[in-house]
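Below, each chain spelled out in residue letters.
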Amino acid sequence: MFAIIVYDVGEKRVARVLKTCRKYLNWVQNSVLEGEITETNLKKLKAELNKIIEDDEDSVIFYTWRTQKYSDREIMGLEKGRQSLII
């Protein structure tokens, strides 16, 4: 499936949340990650994030689609988190 994750967490937890999410998805912009992920890995990611975030202070939003086929992506301005090719 294709997923986009958006988060708004306390300053003390930002680095841990980003590091955890980057194990599964690609960082594309501050507090935004996207990419293909299996249902099993999505469950693992949610469990890991649940151990990090504070329910009464933080917010993590998951958008999921079965496929990226019907989505479009347009970037205006600077592209952040760009994947670099290593040859």
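What counts, and where the lines are drawn
- Residues numbered from 1 in each chain as written.
- Predicted model: local features only at pLDDT ≥ 70, side-chain atom pairs only at ≥ 80, totals over all residues.
- Heavy atoms only, no water.
- 1 Å grid on protein atoms, 1.4 Å probe; cavity = no way out; pocket = protein on both sides within 12 Å on 5 of 7 lines; lining within 4 Å.
- Points joined across faces, edges and corners; volume = space filled by probe spheres on them.
- Helix = DSSP H or I, 4+ residues; strand = E, 2+ residues; numbered from the N terminus.
- Nonpolar A, V, L, I, M, F, W, Y, C, P; charged D, E, K, R; others polar.
- Core = buried A, V, L, I, M, F, W, Y, C linked by side-chain atoms within 4.5 Å.
- Buried < 20%, exposed > 50% of the residue type's maximum accessible area, 1.4 Å probe, protein only.
- Contact = heavy atoms within 4.5 Å.

Asks: Residue-level account of the layout of surface pockets, with values.
Replies: Summary: where empty space remains is shown by rolling a probe the size of a single water molecule over the atoms. What the largest pocket holds in volume is close to 190 Å³. Every residue lining the largest pocket is listed: V28, Q29, V32, E34, R73, E74, I75, M76, L78, E79 and K80. Where the lining of the largest pocket is concerned, the elements lending two or more residues are β2 (26-29) and β3 (32-36). Each residue belonging to the lining of the largest pocket can be placed in one class, and the counts come to 5 nonpolar, 1 polar and 5 charged.

Asks: Account for the environment of Q68, with residues named and values stated.
Replies: For Q68, the location among the structural elements is in the segment after β4 (59-65). Sequence-wise, Q68 and F2 are 66 residues apart; in three dimensions their C-alpha atoms are separated by 5.7 Å.

Asks: So, the nonpolar core: which residues are in play, and what are the values?
Replies: Grouped together as the largest cluster of nonpolar side chains are 16 residues, with contacts concentrated most on V17, L25, I37 and L45. Among the elements of the structure, β1 (2-8), α1 (14-22) and α2 (39-52) are those that each provide at least two residues to this core. Excluding residues that lie within four positions of it along the chain, L45 makes contacts with I5, T20, C21, Y24, L25 and I37.

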